[in-house]
Amino acid sequence: MLILNKTAGVFSKPSRKKPYEFLRSFNFYPGKLFLHKLVLGIETSCDDTAAAVVDETGNVLGEAIHSQTEVHLKTGGIVPPVAQQLHRENIQRIVQEAVSASKVSPSELSAIATTIKPGLALSLGVGLSFSLQLVHQLKKPFIPIHHMEAHALTIRLLNKVEFPFLVLLISGGHCLLALVRGVSDFLLLGKSLDIAPGDMLDKVARRLSLIKHPECSTMSGGKAIEHLAKQGNKLHFDIKPPMQRAKNSKNCDFSFSGLQHVIDKIIMQKEKEEGIQKGQILSSAAHIAAAVQHTIACHIAKRTHRAILFCKQRHLLSQSNAVLVVSGGVASNLYIRKALEIVTNATQCTLLCPPPRLCTDNGIMIA
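Quantities reported herein were computed from a predicted structural model and do not represent experimental measurements.

### Brief notes about the sheet that holds strand β2 (residues 48-55)
In step 1: In space, the five strands of this open sheet follow the order β3-β2-β1-β4-β5, with mixed pairing throughout. Two strands close off the open sheet at either side, each with one partner strand: β3 (60-67) and β5 (142-146). Pairwise comparison of adjacent strand axes, ignoring direction, gives a mean angle of 20° for this sheet.
In step 2: Examined bridge by bridge, strand β1 (residues 38-43) and strand β4 (residues 111-117) share four bridges and lie parallel to one another. Each residue of the ladder has a partner; that of Val39, found in β4, is Ala111.
In step 3: Packed onto the sheet, helix α5 (residues 121-138) meets β1, β4 and β5 and runs at close to 155° relative to β4.

This is how it looks when you write it as structure tokens:
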């Protein structure tokens, strides 16, 4: 609660009008009896406003989500004040849609769970403020949720995964490897020392101006790179994987900023060779996309392989039926998944990934 109070104190108190309107808008379902505990989950850590109602057995009773991707594509990236305003405009509607779909009245909820960290402070504040007002009105318990822990545990909604298991979380804001020993019991094995892989993919896509490419104009940066990479030669450029020095081989950390610098230099060189200005589409864009995706996949796979070997050597994972769970937005990239599948096959591990809609931010994982 100390963390929660500090977080809540950062944000100004909004009007109480919205939760009152929210409660008045509901149809109630008399005579319907819920035998399980029901949790409303609210997620606003970045650029998706999401909510869901889930019962304690893992049944998803109702969900809703509003994506800001289209808006942020036009600005070339997420602008925190813009994301905050869009959350404010949509949170009441999204929560209402999720609860209405569940056929649960607000009074029947057992608790309200909300992401409190990590994420964009302005975005987190919208969800937190709305949730605390709802908690006050409904007199329900509040459960603060760590965003990355929610991603790590989502797989247990779909598969009977026993503790301990290894988790790789890769997204636009995070990259980490951890041993999951229990709910809220994580041993961190490695993390990115600079930027996240999803962030790097977005930056390369922006530098290549892929939003102007006719096949990629409606795609996020990561999706555009994955799409274009299918048309390119991954070995067209000689790019060395990150962290090849001996001192870096003794841990499971990641690094992507050096690779981004190399790619920027390649793009500048190609623009000179082709005689085009920054902002125009290079003829070699597909080759660059393929090379970037391949190098990122190899780097992630190599560090993950090391983590698996470490855990097995120290008897932290089962020798015969170890599980690697991969989640987060970048886990939707099928090329990166294939690289990780090669690693798990070689180490007698099972690779599990939530479906794409549960890899990206959502209310279900919070609930």
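Moving on, there is more to tell.
### Some words on the packing of aromatic side chains
In step 1: Scanning the entire structure with this criterion turns up two aromatic pairs.
In step 2: Ring geometry for Phe163 versus Phe165: centroids 5.8 Å apart, planes at 15°, classification stacked.
In step 3: Seen from their ring centres, Phe254 and Phe256 are 6.4 Å apart, and the 10° between their planes marks the pair as stacked. Across the pair, exposure class does not vary: Phe254 and Phe256 are buried alike.

### Here we look at a nonpolar patch on the surface
In step 1: Together, Val71, Val79 and Val82 line one region of the surface with nonpolar side chains, adding up to about 170 Å² of accessible area.
In step 2: Position of Val79 among the secondary structure elements: in the loop between α3 (69-75) and α4 (80-102).
In step 3: By relative accessible area, Val79 is classed as partly exposed at 32%.

### Brief notes about the pattern of salt bridges
In step 1: Going through the model one piece at a time under the given rule, you end up with seven salt bridges.
In step 2: Glu63 is the salt-bridge partner of Arg357, the closest N and O atoms lying 2.9 Å from each other. Placement of Arg357 in helix α12 (residues 356-359) and of Glu63 in strand β3 is noted, with a sequence separation of 294 residues between them.
In step 3: Across the pair Arg181 and Asp185 runs a salt bridge whose closest N-O atoms are separated by 3.3 Å.

### As for the pairing of strand β7 (residues 175-182)
The two faces of the sheet receive side chains in turn, since in a regular strand these alternate between them.
In step 1: Of all eight residues in β7, seven are buried; the element is thus mostly enclosed.
In step 2: Pairing of strand β6 (residues 165-170) with β7, which is carried by six bridges, proceeds in the antiparallel orientation. Each residue of the ladder has a partner; that of Leu169, found in β7, is Leu176.
In step 3: Count of turn residues in the β6/β7 antiparallel hairpin: four residues.
In step 4: Summarising the sheet, β7 and strand β8 (residues 185-191) pair through six bridges and their orientation is antiparallel. When the sheet's bridge partners are listed, Leu177 is paired in β8 with Gly190.

### Comments concerning the environment of Leu86
In step 1: As for its placement among the helices and strands, Leu86 is situated in helix α4.
In step 2: The class for Leu86 is buried, based on a relative accessible area of 14%.
In step 3: A C-alpha to C-alpha distance of 7.5 Å links Leu86 and Gln68, two positions 18 residues apart in sequence.
In step 4: Contact partners of Leu86, with chain neighbours within four places excluded, come to Thr49, Gln68 and Val71.

### Details of the sheet that holds β7
In step 1: With respect to topology, five strands assemble into an open sheet ordered β8-β7-β6-β9-β10, the strand pairing being mixed. Lying at the two open borders of the sheet, with one neighbouring strand each, are β8 and β10 (349-352). Pairs of neighbouring strands in the sheet enclose a mean axial angle of 25°, with direction left out of account.
In step 2: Pairing analysis gives four bridges linking β6 to strand β9 (residues 322-327), with the strands arranged parallel. From the neighbouring strand, Val167 faces β9, where its bridge partner is Val325.
In step 3: Of the strands in this sheet, β6, β7, β8, β9 and β10 are in contact with helix α10 (residues 285-313), which crosses β6 at around 160°.

Definitions and limits used
Residues numbered from 1 in each chain as written. Predicted model: local features only at pLDDT ≥ 70, side-chain atom pairs only at ≥ 80, totals over all residues. Heavy atoms only, no water. Pairing = 2+ DSSP bridges. Helix = DSSP H or I, 4+ residues; strand = E, 2+ residues; numbered from the N terminus. Axes fitted to C-alpha atoms, helices over the stretch in contact; angles between N-to-C directions. Contact = heavy atoms within 4.5 Å. Phe/Tyr/Trp six-rings, centres within 6.5 Å; stacked < 30°, edge-to-face > 60°. Buried < 20%, exposed > 50% of the residue type's maximum accessible area, 1.4 Å probe, protein only. Patch = residues over 30% accessible without salt bridge, like charges linked within 9 Å, V, L, I, M, F, W, Y side chains within 5 Å. Areas by Shrake-Rupley, 256 points an atom, 1.4 Å probe, with all protein chains shown as cover. Salt bridge = Lys/Arg side-chain N within 4 Å of Asp/Glu carboxyl O.

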